Amino acid sequence: MQSDKTTSTDSKDAPLLSIRDLHKSFGELEVLSGVDIEVARGEKLCIIGPSGSGKTTLLRCINYLEKPTSGHIWIDGTLIGEKKVGDRYVHLNDYELARERREIGFVFQRFNLFPHLTALQNVTIAPRKVLGIAPAEAEAKGKEMLDKVGLGHKVNEYPERLSGGQQQRVAIARVLAMQPKLMLFDEATSALDPELVGEVLRVMRELAQEGRTMVVVTHEIQFASEVSDRVIFMDQGKIVEEGPPSAILTNARHERTRAFLSQITDR
Amino acid sequence: MGFWANMIKEFPYFMSVLLHGAVTTITVAVGALAFALVVGLVVALLKMSPFRVVRFVTSAYIELLRGTPALAQLFVIYFGLPDVGIDVAPVTAAIVGLGINGSAYLAEVYRAGIESIHKGQVEAALSLGMTPARAMQYIILPQAVRVMLPPITNFSIVLLKDTALVSVVAAPEIMFYARNLVTETFLSMQVYLLAALIYLSMTIPMARVVAMLERKRKAWR
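From a predicted model like this one, the values you see are computed outputs, not experimental measurements. Counting from 1, residues in each chain are numbered in the order their sequence is written. Just so you know, chain letters begin at A and ligand numbers begin at 1, following the order they were written in. Only residues with pLDDT of at least 70 are given local features in this predicted model, and only at 80 or more are side-chain atom pairs given and counted; all residues enter the totals for whole chains, interfaces and linings. Note that water and hydrogens are dropped before the side-chain values are worked out from all heavy atoms of the structure.

A. Fine view of the overall build of chain A. Helical segments are the DSSP runs of H or I of at least four residues, strand segments are the runs of E of at least two, and each set is numbered from the N terminus. Tallying secondary structure elements over chain A gives 10 helices and 12 strands in all. Relative to a compact globule of 267 residues, whose C-alpha radius of gyration would be 18 Å, chain A shows 19 Å and is just as compact. Overall, chain A is about 55 × 50 × 45 Å in size when its C-alpha atoms are taken along their principal axes. Three labels apply to residues, based on accessible area from a 1.4 Å probe with only protein chains included: buried if under 20% of the type maximum, exposed if over 50%, partly exposed otherwise in between. Split into buried and exposed, the 267 residues of chain A put 54% on the buried side. Radius of gyration: C-alpha atoms only; globule rule: 2.2 Å multiplied by the number of residues to the exponent 0.38.

Here it is, written out as structure tokens:
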């Protein structure tokens, strides 16, 4: 009993997400050149940086939409996308990989809602077909999630009839319905008209307040400074600096960070 | 006797014989379509396989069937197979022959339809924990069907007309009976025009039904 207790406390203190020496190349081009990150349970991490700095690729590696060239990722102590057989790391098969991805919610820049399904069906399809939850239960839960993102009145609409901001909120509800341990946001507001950005950020703020673990790639400096516990600035596939938002966003040590921030805020 | 006098006099007889053939025509067309739809999907999925050998064999299958006449394929099945000890009944030979021929065509239709779906759709499905097979089943194919429907309709109509080919392997369909009637009465124009009208009376409603289906499917867009 005693030892069990120790283990569980240990896993609570252990980071939810750890990334070790992650490299990713597309052909000749190295997009990630050795990234190490640890994210604690309940932590809100924002990643900023110029386009082409590798932040999106990093996020896509975390749920193995991109296969890292080398390096390893753990979520809650579980190796992601591979397993250790003896001394070697072996890639997981489709089924094993799908199981791991259930725990990792991903919100895409372009929403990627399923156009042939209603808002509610978008939210319930994975709980039903992946987790095997009964239709009635999945629907009740799905409606609850749509309510939560302020779209309780749009359950039967198809994505094409929704604004960009509404589509992105459905996409967030779709992720929430899977009750992931970790939520990844890939520039979730970049594809939106300016007047629709606020409604999505509001939802993300609420999620942050609920104590969810979030890794957010964003250009919304205001959001990063208010919501995140820590900010990472990336450039050319590397972490240039990291720290609490106050330190990075207003008082960056590196010239590159300052240059990037001044460009972004001068818009 | 003139054209119309003969036509009116023989019309009931011609129709009863030709409609008898139409039953076989429909049987062959429906059978071959079902065969082509199922085998075509398997071929299309195999052609997207991660294994090079599988892709190569599948491409060879498609090329072979698309690069040779359907008539030659029918002869191989009906006249060739008995030489190696496999006897095939005319209607079976017709269904299998037109079916495998169609499967090569439909495989390309399926593939084009599947590839027309944006990559983000698969990624969203995978990120929610679906396996690639589940993503195909619940997300990709239902959307791709909309893209595939027009060429599949077209194919069905062409297939229905192509069943005329199978008279050469003695499958008793419309053209088979039409030729018999001409031998019997020498009224070529009347018999073949009636046969053509019977085909037309089947293809026009088909085009209509599918146009309707397409409108219905557009609901989400």
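Read on, since the account is not over.
B. Fine view of the packing of helix H4 (residues 90-115) of chain B against helix H6 (residues 132-162) of chain B. Residue and element names in this part refer to chain B. Helix axes are fitted to C-alpha atoms over the stretch in contact, other axes to C-alpha atoms as well, and angles between N-to-C directions run from 0 to 180 degrees. The N-to-C vectors of H4 and H6 enclose an angle of 140 degrees; their axes lie 8 Å apart at closest approach. When the axes of H4 and H6 are compared, the pair comes out oblique. Crossing of H4 against H6: the hand is right-handed. Listed contacts from H6 to Leu98, Gly102, Tyr105, Leu106, Val109, Tyr110, Gly113 and Ile114 of H4 are Met136, Ile140, Leu141, Ala144, Val147, Met148, Pro151, Ile152, Phe155, Leu159 and Asp162. Throughout, the ten residues Ala, Val, Leu, Ile, Met, Phe, Trp, Tyr, Cys and Pro are labelled nonpolar, Asp, Glu, Lys and Arg are labelled charged, and all others, Gly among them, are labelled polar. A class-by-class count of the residues in the contact of H4 with H6 yields 16 nonpolar, 2 polar and 1 charged. Throughout this description, any angle smaller than 35 degrees is read as roughly parallel, any larger than 145 degrees as roughly antiparallel, any in the 65 to 115 degree range as roughly perpendicular, and the remainder as oblique. By definition, any crossing whose near helix is turned counterclockwise from its far helix by less than a right angle is left-handed, and any crossing with a clockwise turn is right-handed. Pairs of residues are marked as contacts when any of their non-hydrogen atoms sit within 4.5 Å.

C. Region of interest: the interface of chain B and chain A. Opposite the 20 residues of chain B that make contact, chain A presents 25 residues. Residue Arg60(A) pairs with Glu123(B) through a salt bridge whose shortest N-O separation is 2.7 Å. Polar contact criterion, stated in full: a pair of N or O atoms within 3.5 Å, where within protein one must be able to donate a hydrogen and the other to accept it, and residues adjacent in sequence count only if both atoms are side-chain atoms. Inspection of the region where chain B meets chain A yields 6 residue pairs in polar contact (both at pLDDT 80 or more). Residue assignment for the side of chain B that touches chain A shows that the elements contributing at least two residues are helix H5 (119-127) and H6 of chain B. Ranked by residue count, the leading element in the side of chain B that touches chain A is H5(B), at 7 residues. Each salt bridge in this description consists of a side-chain nitrogen of Lys or Arg and a carboxyl oxygen of Asp or Glu lying within 4 Å of one another.

D. Summary view of the confidence of the model for chain A. Known as pLDDT, the predictor's confidence for each residue is given on a scale from 0 to 100. Residue-level pLDDT values for chain A average 92, and 95% of them are 70 or greater. Confidence drops under a pLDDT of 50 for residues 1-10 of chain A, and excluding neighbours within four residues, the segment shows 0 contacts in the predicted structure.

E. Spatial organisation of the sheet that holds strand E1 (residues 17-26) of chain A. Residues and elements named next belong to chain A. On the basis of which strands lie adjacent, the open sheet formed by 4 strands has the order E2-E1-E4-E5 and antiparallel pairing. The open sheet terminates on both sides in strands that have one partner only, identified here as strand E2 (29-39) and strand E5 (78-79). Criterion used throughout: strands pair if DSSP finds at least two bridges between them. Strand direction decides the pairing type here: E1 and E2, joined by 8 bridges, are antiparallel. Bridging from a neighbouring strand, Leu22 pairs with Val35 of E2.

F. Representation of the packing of aromatic side chains within the structure. By convention, a stacked pair of Phe, Tyr or Trp rings (six-membered ring in the case of Trp) has centres within 6.5 Å and planes under 30 degrees apart, an edge-to-face pair has planes over 60 apart, and any other such pair is tilted. Scanning all chains against the criterion turns up 8 aromatic pairs over all chains. Ring geometry for Phe106(A) and Phe108(A): centres 4.6 Å apart, planes at 40 degrees, overall tilted. An identical accessibility class is assigned to Phe106(A) and Phe108(A); each is buried. Judged by centre distance (5.3 Å) and plane angle (75 degrees), the rings of Phe75(B) and Phe79(B) are edge-to-face. Within this pair, Phe75(B) and its partner Phe79(B) are both found in helix H3 (residues 70-80), separated by 4 residues, close to a single helical turn.

G. How the structure looks around the packing of H5(B) against H6(B). Residue and element names in this part refer to chain B. Where H5 contacts H6, the two axes come as close as 9 Å, and the packing angle between them is 140 degrees. For the element pair H5 / H6, the angle class is oblique. For the crossing formed where H5 meets H6, the hand is right-handed. Across the interface between the two elements, Gln121, Val122, Ala125 and Leu126 from H5 touch Pro132, Ala135, Ile139, Ile140 and Gln143 from H6. Of the residues belonging to the contact of H5 with H6, the class tally is 7 nonpolar, 2 polar and no charged.

H. How the structure looks around the nonpolar core. Ranked by internal contacts, the top residues of the largest apolar core, which has 77 residues, are Leu17(A), Leu58(A), Leu182(A), Val215(A) and Ile139(B). Considering each element in turn, this core owes the most residues, 11 residues, to H6(B). Apart from the residues lying within four places of it in its own chain, the contact partners of Leu17(A) are Ile37(A), Glu38(A), Val39(A), Ile62(A), Ile73(A), Trp74(A), Ile75(A), Leu182(A) and Val215(A). Grouping buried Ala, Val, Leu, Ile, Met, Phe, Trp, Tyr and Cys residues that are joined through side-chain atoms within 4.5 Å yields what is termed a nonpolar core. In this structure, Cys46(A), Leu151(A), Phe185(A) and Phe233(A) belong to the second largest nonpolar core, which totals 47 residues.

I. Just the sheet that holds strand E10 (residues 213-217) of chain A, in detail. Residues and elements named next belong to chain A. On the basis of which strands lie adjacent, the open sheet formed by 6 strands has the order E8-E9-E10-E3-E11-E12 and mixed pairing. Every interior strand has two partners, whereas the edge strands, strand E8 (104-107) and strand E12 (238-243), have only one. Neighbouring strand axes in the sheet, compared pairwise and without regard to direction, differ in orientation by 20 degrees on average. In this structure, strand E9 (residues 182-186) lies alongside E10, joined through 5 bridges in parallel fashion.

J. Spotlight on the side chain of Thr213(A). Residues and elements named next belong to chain A. By the element assignment, Thr213 lies in strand E10. On the basis of relative accessibility, which here comes to 5%, the residue Thr213 falls in the buried class. Within the local environment of Thr213, its side chain forms a polar contact with the backbone nitrogen of Gly42, the two atoms lying 2.8 Å apart. The residues contacting Thr213, other than those within four sequence positions of it, are Leu16, Val39, Ala40, Arg41, Gly42, Glu43, Lys181, Leu182 and Met183.

K. Main features of the pairing of strand E11 (residues 230-235) of chain A. Residues and elements named next belong to chain A. A large share of E11 lies buried, amounting to 6 of its 6 residues. For strand E3 (residues 44-48) and E11, the ladder comprises 4 bridges, and the chain directions are parallel. From the neighbouring strand, Cys46 faces E11, where its bridge partner is Val231. As consecutive antiparallel partners, E11 and E12 are separated by 2 residues, and within that stretch Gln236 has a phi angle of approximately 50 degrees, a positive value.

L. Summary view of the pairing of E3(A). Residues and elements named next belong to chain A. The element E3 is largely enclosed, with a buried count of 5 among its 5 residues. Inspection of the sheet shows E3 paired to E10 by 4 bridges, in the parallel sense. In the strand pairing of E10, Ile47 is matched with Val217.

M. Structural view of unusual backbone geometry. Its identity as a non-glycine residue notwithstanding, Asn112(A) has a phi of 50 degrees, on the positive side. Tracing the sequence through the fold places Asn112(A) in the loop between E8 and helix H4 (119-129). Residue Phe186(B) is not a glycine yet carries a positive backbone phi of 60 degrees. Relative to the helices and strands, Phe186(B) resides in the loop between helix H7 (174-185) and helix H8 (188-217).

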